Amino acid sequence: MAGLLYRLGRFSARRHWLVIIAWVVIMGIAGVTYTLFAGTISSSITIPNTKTSQVQDELADKFPSANGGNGTIVFETKNGKAFTDTQKSDVADFLKGIEKLDGVKGATSGFDTQKQLDDGRQKITDGQAQIADQESQITDGQTQIDSGKQQIAAAQKQLDAQKQQVAALTGAAQSAAQAQLDAAQQQLDAQQQTIDASQQKLDDGKTKLADAKQTLDENARLLDLSKDIRFVSSNGSAVIGTVQFTKSTFEVPADTKTAIADKADDADISGVSVYVSNDIAQGVPSILGPGEIGGVIIAALVLFLMLRTIIGAAVPLVSAVLGVGVASLAALSFSSLVEFISVTPVLGVMLGLAVGIDYSLFILNRHRTQLKQGMQVHESIGLANGTSGNAVVFAGATVIVALLALNITGIPFLGLMGTVGAVAVFFAILIATSFTPALLSLIGMRILRKKERAKIGNTDSTRVPNKPMSTWRAVITLVAGVAVLGTIALPATQMRLGLPTGASESVDSSQYKAYKALDEEFGAGQNGPLLVVATLPKAISKDDVTATEVTIGEALAKNDDVKAVLPIGASKDRDIIAFQVKPAGGPDSVSTETLVKDLRAQDVTVDGGKATLGVAGNASANIDVSEKLADVLPLYLVVVVGLSLIILIIVFRSFLVPITATAGFILSVMASFGGLTAIYQWGWLGSVFGVHDPAPILSFLPIIEIGILFGLAMDYQLFLVSGMREAYAHGASAKVAVQRGLHAGRAVVTAAAIIMISVFAGFIFSDSSTIKPIGFGLAFGVLVDAFVVRMLLIPAAMHLLGKSAWWFPKWLDRIVPDVDVEGAKLERSHPVAGHESTHTGSHALPVEPDAHAHESGHPPAHRA
């Protein structure tokens, strides 16, 4: 690989215009393909085969009317007073305009919905009064019937007594009396029939009244379950408009959401503010904002301070920007074929800028050093490309592998993010090893300052450490460093994962204002209502729907943190009943997460068996995404750590060096997680980092950060520890080699780390609540890893390990392939002028006899 890169560097140097023009053409081609084939970018994060998606699939199949996603628009009077009739009419007209948009099934005014609820409650009240009146009438009727029955009974008794008297008579007198008695009996029988008919009619009335009372009671109980759900605030100053989409919220095209948000921004309702909620207004963050540009400016200043030439500082920046441009345009050209979430291209830009600048800097720095020693420009470019460029390829390859490994999680959007990030790093490598050499050839000796050009070939001797660090210093550094990082990592034990809500957005944004208005006027749960679907053991009749809704609704209401339950209806086959459940807490609260789990575990006894419950909705989907990501995090961590160990064992031909490097990586990651949790979840230093409403950590951030920090940590490990290995290979004792390797690599690693931190930190001040924590996590992770772990803890650990750090079994040494990461063999075959006879690894003065090289009597177990 070193030889190939050497030849590529020489070719790029000789044909610099060809290479430069070729890259410009590639950039143009990428731009054309982007223009022709780019699709829309989604702001929603979804994962297939979650519990939420399964419920939505079932609804789509059996209950289409309840399946479409919902979005919320909040209307609020500016003076805090109740809406006027004119304003109500304007709100209705605005929502009618929304209904005309593609992808919108309907838009309902909260005034209409609230009126329906209020009318329903009034009907219940009126119905209860009517039933009470009818019950009173029935009671009075029963009293009259009972009185008539008593009168008939008394008359019958009197008539029976007369019959006995008549029986004692004889002749004509008996016949006449009997005729009178028969007439009286017929009259009594007729009266009895009338009474019986009245009683039957009254009994029928009682039955009907009982049925009506039962129906009314069931409806009253249903309305009572939903009494805490309102669509117009109690003071009448805020109202909720509901937009129902033809697809689930996460599948609604970005164009539809943007159109709604634009209409809300342009709404001209006198005295009324219109806010769209986060499920509608999730926009695509800008790839480069003021913060990101500021980060690049800081990186430029660091480059200038290190190189002291404007033209030299421009080379890595131009290379990085070109790489980012090609990679971003090429990746987004496929956005019509695969679904890109909004953060995907931003992550590519973030990575591409950071590694693009660093990789070009490593090659440029090596080239400058060789020019000062008197090497010819083209030869120096080739050798720098074959040595430092070889290290860049290896370091970049580790980042690419770590990012591509995100595909093993089985989560599509995460795998795509890793792939796009890997593409950005791949182009950064290609640019650094071809375009950068071409630029260096075009610039020629001007890459050096005038003073440096005047001293070419007279580099003098470079003093390097000949004494090891104090053992006590190593012990104290190691113990204190681990203690400090462990303390910083402590908040990570309380980390919760989630997705951004409206509360995470800028305080000036529509999403934030909508979220706060709903929270203050309607309760926290209104920001994350749950869709609960009860699957019945068998289909029920129409007459049993309401009773079943009551049974299930009251069972739902018994759960802790359920504020209200609103029935939505039954499916066409009446084997599914849907409810809207308003939780007591917000969508990212612990109580809502617990409630979702409790509802899914709950079974409700109904006629015919038990009904099982499924939960959907935005809050539920966010919980499912976070849980799925949390489940795959350990697998990914194991893969990355295992990969780290294998790669470092091959590179350094040692067991203990990879173990210390991996332990350091874990410390860096955990410290970064701790910082994230403290600032973004607990709100510490919130005013500094723009955290106004602390919330759970972005659910996919830990996995992304592990992948990226792993690659970057291996970069710093390689550039520092390979210097230690080289010094050890050339005769220095193991402990002195630690100091020499640190001395040789710390300047360029410091500059590279500051540049990377600056680029990442620029994203902390992005307008997007998704980008902010990613920028902080990566910036803080690089800060900790480069300056604490790699420059303090690893040297201290290497010192304490001594020569045992380089122990490697001979049988394994014969099996493991020889990876000449820094191109040492190439360097020996192309010596710098004036340095052919000796090689000290750092162009140092001859080693004093304090080093006692390799007291074991045998060379180190690696091939230098």
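Refer to the structure presented above.
Our subject in this report is the structure included herewith. Just so we're clear, the structure is a prediction, and the values are computed from it rather than from any experiment.

Points about the overall build of the chain
Within the chain one finds 26 helices and 13 strands. In summary, the chain has a C-alpha radius of gyration of 40 Å against a globular reference of 29 Å for 864 residues, an excess of more than 25%. Its C-alpha atoms put the chain at 165 × 60 × 40 Å along the principal axes. Counting the 864 residues in the chain, one finds 54% classified as buried. Taking the intrachain contacts of the chain between residues at least 6 apart in sequence as the baseline, contacts between residues at least 24 apart amount to 82%. Surface exposure of the chain reaches about 37,300 Å², of which carbon and sulfur atoms provide 57%. Between the centroid of the 68 positive side chains of the chain and the centroid of its 77 negative side chains there is a distance of 14 Å.

What to know about helix 11 (residues 343-372)
Each α-helix winds once per 3.6 residues, and so residues spaced three or four apart point in a common direction. Here helix 11 spans 44 Å end to end across 30 residues, near enough to the 44 Å set by a 1.5 Å rise per residue. Counting buried positions along helix 11 yields 26 of 30 residues, so the element is predominantly enclosed. Following helix 11 by one or two positions, G374 adopts a phi angle in the positive range, close to 105°.

Concerning the pairing of strand 8 (residues 530-535)
Most of strand 8 is tucked away: 5 of the 6 residues are buried. As judged from the 6 bridges shared by strand 8 and strand 10 (residues 576-583), these two strands associate in the antiparallel manner. Residue V533 lies in a different strand from strand 10, and its bridge partner there is A578. Here strand 8 runs beside strand 12 (residues 609-616); their pairing, made up of 5 bridges, is antiparallel. By the bridge assignment, A534 is partnered in strand 12 with L613.

Details of the packing of helix 20 (residues 656-681) against helix 24 (residues 771-801)
Put simply, helix 20 and helix 24 touch, their axes get as near as 8 Å, and they point 145° apart. Viewed along their axes, helix 20 and helix 24 form a crossing whose handedness is right-handed. Class assignment of the residues belonging to the contact of helix 20 with helix 24 gives a composition of 19 nonpolar, 7 polar and 3 charged.

With respect to the sheet that holds strand 9 (residues 562-570)
Reading across the sheet, the 5 strands line up as 9-10-8-12-11 and stay open at both edges, with antiparallel pairing between neighbours. The open sheet has two free edges, formed respectively by strand 9 and strand 11 (603-606), since each of these has just one partner strand. Adjacent strand axes in the sheet meet at a mean angle of 30°, parallel and antiparallel pairs treated alike.

Digging into the packing of aromatic side chains
Under the definition given, this model contains 14 aromatic pairs. For the ring pair F655 and F808, a centre distance of 5.4 Å and an interplane angle of 50° mean the geometry is tilted. Taken together, the residues span a long stretch of sequence, with F655 in the loop between helix 19 (618-652) and helix 20 and F808 in the loop between helix 24 and helix 25 (810-815) at a distance of 153 residues. Each member of the aromatic cluster is reached from another via a ring pair, and the members are Y680, F689, F776 and F780.

Brief notes about a negative patch on the surface
Taken together, the side chains of D57, D61, E251 and E339 present a region of like negative charge at the surface. In this structure, D57 sits in helix 3 (residues 51-62). Residue class for D57 comes out exposed when judged on its relative accessible area of 52%.

As for the pattern of salt bridges
For the coordinates displayed, the defined rule picks out 14 salt bridges. A salt bridge links E379 to R10, with the nearest nitrogen and oxygen atoms 2.6 Å apart. Here the residue E379 occupies a position in helix 12 (residues 377-404), and R10 occupies one in helix 1 (residues 2-14), the gap between them amounting to 369 residues. Taking relative accessible area as the criterion, E379 reaches 17% and is therefore assigned buried. The class of R10 is partly exposed, set by a relative accessible area of 22%. With its nearest N and O atoms 3.9 Å apart, the salt bridge here joins K227 to D224. Here the salt bridges share partners, and the residues they tie into one network are R496, E593, K597 and E627.

Some points on the pairing of strand 4 (residues 238-245)
Taking burial as the measure, the 8 residues of strand 4 include 6 buried ones, the bulk of the element. With 7 bridges joining them, strand 2 (residues 70-77) and strand 4 adopt antiparallel strand pairing. Residue pairing across strands places I73 opposite G241, the latter belonging to strand 4. Bridging between strand 3 (residues 104-108) and strand 4 involves 4 bridges; their strand directions are antiparallel. Of the residues in strand 4, the one forming a bridge with T108 is T242.

A word on the sheet that holds strand 5 (residues 272-276)
Taken in spatial order, the 4 strands of this open sheet run 3-4-2-5, and their pairing is antiparallel. The two strands at the open ends of the sheet, each matched to only one other strand, are strand 3 and strand 5. With strand direction ignored, the average angle separating the axes of adjacent strands in the sheet is 20°. Here helix 5 (residues 110-167) sits on the sheet in contact with strand 3 and strand 4, set at roughly 100° to strand 4. With respect to the sheet, helix 16 (residues 510-522) is in contact with strand 2, strand 4 and strand 5, its orientation differing from that of strand 5 by roughly 105°.

Things to note about unusual backbone geometry
A negative phi angle characterises most non-glycine residues, just as the trans form characterises most peptide bonds. Despite not being glycine, D561 shows a phi value in the positive range, around 70°. One can find D561 in the loop between helix 17 (545-557) and strand 9. Look at L685: it is not a glycine, yet its phi comes out positive at around 55°. Along the chain, L685 turns up in the loop between helix 20 and helix 21 (686-689).

Considerations on the nonpolar core
Of all hydrophobic cores here, the largest spans 149 residues; its most connected members are Y359, L414, F700, F760 and W806. Considering every element that reaches this core, the biggest residue donor is helix 22 (residues 701-729), with 18 residues. Core analysis: the second largest hydrophobic core is formed by 29 residues, L159, L216, I229 and A514 among them.

The rules behind the values
- Residues numbered from 1 in each chain as written.
- Predicted model: local features only at pLDDT ≥ 70, side-chain atom pairs only at ≥ 80, totals over all residues.
- Heavy atoms only, no water.
- Helix = DSSP H or I, 4+ residues; strand = E, 2+ residues; numbered from the N terminus.
- Rg over C-alpha atoms; globule rule 2.2 N^0.38 Å.
- Buried < 20%, exposed > 50% of the residue type's maximum accessible area, 1.4 Å probe, protein only.
- Contact = heavy atoms within 4.5 Å.
- Areas by Shrake-Rupley, 256 points an atom, 1.4 Å probe, with all protein chains shown as cover.
- Lys, Arg positive; Asp, Glu negative; His and termini not counted.
- Charge placed at Lys NZ, Arg CZ, Asp CG, Glu CD.
- Expected span 1.5 Å × (residues − 1).
- Pairing = 2+ DSSP bridges.
- Axes fitted to C-alpha atoms, helices over the stretch in contact; angles between N-to-C directions.
- Left-handed = near helix turned anticlockwise from the far one by under 90°.
- Nonpolar A, V, L, I, M, F, W, Y, C, P; charged D, E, K, R; others polar.
- Phe/Tyr/Trp six-rings, centres within 6.5 Å; stacked < 30°, edge-to-face > 60°.
- Patch = residues over 30% accessible without salt bridge, like charges linked within 9 Å, V, L, I, M, F, W, Y side chains within 5 Å.
- Salt bridge = Lys/Arg side-chain N within 4 Å of Asp/Glu carboxyl O.
- Core = buried A, V, L, I, M, F, W, Y, C linked by side-chain atoms within 4.5 Å.

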